[in-house]
Amino acid sequence: MSLHAVEAIDDAVDATRAFLWPFDRGRWGRLALIVFFVGGAGGFPGFQFSGGSPGGTGPEAPSVSNPADVVSSISGPELAVIAAVFGVVVLLVLGFAFVGSVMEFVLFESLRQESVTIREYWRRRWRQGARLFGFRILLGVLTLGTFGVLAVAVLSPYIFGDGGLSIGLFVVALPVFLVVLLVSSLVDGFTTVFVVPVMIAEDRRLLSAWRRFWPTLTGHWKQYAAYVVLRFVLGIVAGILTGIGTVLGAIAIGIPLGIVAAVGVGLLGVAEIIGWAVIALVAVLFVLGLLVIGLLVAVPVKTYFRYYALFVLGDTNDAFDLIADRRRTVRSE
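Attention in this report is confined to the structure presented alongside it. Here, residues in each chain are numbered from 1, in the same order as that chain's written sequence. Residues qualify for local features only when their pLDDT is at least 70, as the model is predicted, and side-chain atom pairs are given and counted only at 80 or more; totals for whole chains, interfaces and linings, by contrast, use all residues. Hydrogen atoms and water are omitted, and side-chain values are computed over all heavy atoms in the structure.

### Observations regarding the packing of aromatic side chains
Then, number 1: Here a pair means two rings of Phe, Tyr or Trp (six-membered ring of Trp) with centres within 6.5 Å. Their orientation is stacked below 30 degrees between planes, edge-to-face above 60, and tilted elsewhere. The full count for this structure, using the stated rule, is 21 aromatic pairs.
Then, number 2: Seen from their ring centres, phenylalanine 194 and tyrosine 227 are 5.0 Å apart, and the 65° between their planes marks the pair as edge-to-face. Taken together, the residues phenylalanine 194 in helix α6 (residues 167-202) and tyrosine 227 in helix α8 (residues 221-267) connect sequence positions 33 residues apart. Side by side, phenylalanine 194 and tyrosine 227 carry an identical accessibility label, which is buried.
Then, number 3: Here the aromatic rings of tyrosine 304 and phenylalanine 305 are separated by 5.3 Å at their centres, their planes lie at 70°, and the arrangement is edge-to-face. Across this residue pair, the class does not change: tyrosine 304 and phenylalanine 305 are buried.
Then, number 4: Through a chain of ring-to-ring contacts, the aromatic side chains of Phe190, Phe194, Trp210, Phe213, Trp214, Tyr224, Tyr227, Tyr304, Phe305 and Tyr308 assemble into a single cluster. Secondary structure is summarised from DSSP: a helix means a run of H or I of at least four residues, a strand means a run of E of at least two, and numbering begins at the N terminus for each. Partly exposed describes any residue whose relative accessible area lies between the buried limit of under 20% and the exposed limit of over 50%, with all areas from a 1.4 Å probe on protein chains only and scaled to the type maximum.

### Thoughts on unusual backbone geometry
Then, number 1: A cis amide bond, omega 5°, links tryptophan 21 with the succeeding residue proline 22.
Then, number 2: In this fold, proline 22 is placed in the loop between α1 (4-20) and α2 (25-38).
Then, number 3: Positioned with a positive phi, aspartate 203 is a non-glycine residue whose angle comes to about 50°.
Then, number 4: By secondary structure assignment, the location of aspartate 203 is in the loop between α6 and α7 (206-219).

### Structural notes on the packing of α6 against helix α9 (residues 272-316)
Then, number 1: It is the contact of α6 with α9, at a shortest axis distance of 10 Å, that shows an interaxial angle of 60°. Relative to α9, the element α6 lies oblique. Crossing angle aside, the handedness with which α6 passes α9 is right-handed. Seen from α6, the contacting residues are Thr192, Val193, Phe194 and Pro197; seen from α9, they are Arg306, Ala309, Leu310 and Leu313. To obtain an axis, a line is fitted to C-alpha atoms, over the contacting stretch when the element is a helix, and the angle between two such axes runs from 0 to 180 degrees between their N-to-C directions. Should an angle fall under 35 degrees it is called roughly parallel, over 145 degrees roughly antiparallel, and 65 to 115 degrees roughly perpendicular, with every other angle called oblique. When the near helix sits turned anticlockwise from the far one by under a right angle, the crossing is termed left-handed; a clockwise turn instead gives a right-handed crossing. The contact rule is simple, with two residues in contact once any of their heavy atoms fall within 4.5 Å.

### Points about α6
Residues three or four positions apart in an α-helix share a direction because the helix packs 3.6 residues into each turn.
Then, number 1: Across its 36 residues, α6 extends 50 Å between first and last C-alpha, which sits within 8% of the 52 Å expected from 1.5 Å per residue.
Then, number 2: Maximal helix bending in α6 amounts to about 40°, located at threonine 191.
Then, number 3: Among the residues trailing α6, aspartate 203 stands out with phi positive, at a value near 50°. The span you would expect from a helix comes to 1.5 Å times its residue count less one. Note on bend: at a given residue it equals the angle between the axes fitted to the 7 residues ending there and to the 7 starting there.

So, in structure tokens, the structure goes:
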């Protein structure tokens, strides 16, 4: 039995090359904007727990304040400011996540149509993107909630002062934590790269597309298991190459900007304000340059992995094939 995930490795390279080259500044610029919102690989950040010893070793060990006392010491206006800042941050994060969800559809439509038009594809797919956004929020809440329950269970003896950390609970909770993380990552990843194309191909809602995709997934589970393994390996390789490309780009822009920064340092003794202004400008330009380089390096990587998933999906069920013409062209050549 041939593995579609193996065959698709080279096919996705050829498709990516045909889509991105010869270099077109407008196409790459629009794709860089899409990649900025789509971001990298999915997943949820890990939790870090830290706590100091309840007692010091010396006579001057600092005492730990009661959190309730700290909260009660904050005045009403200060609480309002804190709540407002927190609310703004939450809205920004949610807004970014919403745009990123719609941009997933824009990216797939770009590969399907072999033309990058953000505004048109946004108008066409924003409702489906909203459903993907809601699904991701729900999945994230469930995952983080599960992690929270596990963390409370493990840390409860320490939190409530009954003793130290429970090693037994930790041993039990760790594999559960890893399983939840794996399942959540797989569901999120499969939804993004396989269910979203089904939504586009048959104009379905998200849950309907999952039900439509499920028989293909279970009927070709070996193909998709091979995809998961190879996608993980290819992700490591791509991460290394992306890191090298970003470092080389940082060096390329860092040398001339470093010369300008040296001039700014020299001006500090003559005109301090101008010197600091030059240094600040160099810092801003360097950060912006790194962002642009990172996005340009990520464009072919993101395009490749989307093509890779589409080749596997179309090989297992041609009804979901968004790139049938590109597939025939690549394989005929």
